[in-house]
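# Residue-level structural notes
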Amino acid sequence: QVQLVESGGGLVQPGGSLRLSCVVSGSTLRINTIGWFRQAPGKPRGLVATINSGGIAVYGDSVKGRFTISRDSAKNTVSLQMTSLKLEDTAVYSCYARSIAGLGFWGQGTQVTVSS
């Protein structure tokens, strides 16, 4: 099994920055891709960013150039540096991990609120 625990959410003003972190534990040797998805009220969950074991990152169109995902394989953590935050970035951000076998695992989510 794999467990994911997020931290770093909170309230930030438009234009501000926030950093999310996710610690992955358990059968981490099976993990290939880890990353972040988000869901705003009334909207489907969507891709924020993922990064695979080779360090290749994929970003959602709405966050390109503003968010940066990074991975520390030695510490089994993935971080998301968010800058130039907009009102529409308000959502619950969930950490996600996918195993080599294709199984997906989710964290409990952390709220990010962008408001003036």
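One structure accompanies this document, and this report is about it. Please read all numbers here as calculations on a predicted model, not as lab measurements.

### Looking at the overall build of the protein
Within the protein one finds zero helices and eleven strands. The helix and strand sequence of the protein, counted from the amino end, reads β-β-β-β-β-β-β-β-β-β-β. Relative to its length of 116 residues, the protein is compact, with a C-alpha radius of gyration of 13 Å against a globular reference of 13 Å. Reported as C-alpha extents along the three principal axes, the dimensions of the protein are approximately 40 × 25 × 20 Å. Residues classed as buried in the protein amount to 41% of the 116 residues present.

### Brief notes about the state of the cysteines
By the definition in use, this model includes one disulfide. Each sulfur in the disulfide pair Cys22 and Cys95 lies 2.1 Å from the other. On the sign convention where negative is left-handed, the bridge of Cys22 and Cys95, at about -90 degrees about the S-S bond, is left-handed. Note that Cys22 is positioned in strand S3 (residues 18–26) and Cys95 in strand S9 (residues 91–99), a separation of 73 residues in sequence. No difference in accessibility class separates Cys22 from Cys95, as the two residues are buried.

### Looking at unusual backbone geometry
Its identity is not glycine, yet Asn76 carries a phi of approximately 55 degrees, on the positive side. Its location among the elements puts Asn76 in the loop between strand S7 (67–72) and strand S8 (77–82). Unusually for a residue other than glycine, Ser84 sits at a positive phi of about 50 degrees. Here Ser84 is to be found in the loop between S8 and S9.

### Some thoughts on the side chain of Thr33
With respect to the secondary-structure elements, Thr33 resides in strand S4 (residues 31–39). Take Thr33: its relative accessible area is 6%, and that puts it in the buried class. Dropping the residues within four chain positions of it, Thr33 is found in contact with Thr50, Ile51, Asn52, Arg71, Tyr96, Ala97 and Arg98.

### Topic: the pattern of salt bridges
Any two side chains of opposite charge can pair if their charged atoms end up close together. One pass over the structure, following the stated rule, counts three salt bridges. Two residues, Arg66 and Asp89, come together in a salt bridge whose shortest N-O distance is 2.7 Å. Residue Arg66 is found in the loop between strand S6 (57–59) and S7, and its partner Asp89 is found in the loop between S8 and S9; the two are separated by 23 residues along the sequence. On the basis of relative accessible area, Arg66 is assigned to the buried category, the value being 10%. The class of Asp89 is buried, set by a relative accessible area of 0%. Taken together, the shared-partner salt bridges connect Arg38, Arg66 and Asp89 into one network.

### Some thoughts on the nonpolar core
Proteins that are soluble and globular tend to have nonpolar side chains buried together. Formed by 28 residues in total, the largest nonpolar core has its most connected members in Trp36, Leu80, Met82 and Tyr93. Among the elements of the structure, strand S1 (2–7), S3, S4, strand S5 (46–51), S7, S8, S9 and strand S11 (110–114) are those that each provide at least two residues to this core. In this structure Met82 touches Gly16, Ser17, Leu18, Leu20, Arg66, Phe67, Tyr93 and Val112, once residues within four positions along its chain are discounted.

The rules behind the values
- Along each chain, numbering runs from 1 in the same order as the chain's sequence is written.
- Local features in a predicted model are, by the rule used here, given only for residues with pLDDT of at least 70; side-chain atom pairs are given and counted only at 80 or more, and totals for whole chains, interfaces and linings are based on all residues.
- Each side-chain value is worked out from all heavy atoms of the structure, with water and hydrogens disregarded.
- For helices the rule is a DSSP run of H or I covering at least 4 residues; for strands it is a run of E covering at least 2, with both sets numbered from the N terminus onward.
- Here the radius of gyration uses the C-alpha set of atoms, whereas the globule reference equals 2.2 Å times the residue count to the power 0.38.
- The buried label applies to any residue whose accessible area, calculated with a 1.4 Å probe on protein chains only, is under 20% of its type's maximum; exposed applies above 50%, and partly exposed to all values in between.
- Put simply, a disulfide is two cysteine sulfurs that come within 2.5 Å.
- Contacts between residues were defined by any pair of non-hydrogen atoms, one from each residue, lying within 4.5 Å.
- The salt bridge criterion pairs a side-chain nitrogen of Lys or Arg with a carboxyl oxygen of Asp or Glu, the two atoms within 4 Å.
- Here the nonpolar core consists of buried residues drawn from Ala, Val, Leu, Ile, Met, Phe, Trp, Tyr and Cys, with membership extended through side-chain atoms lying within 4.5 Å.

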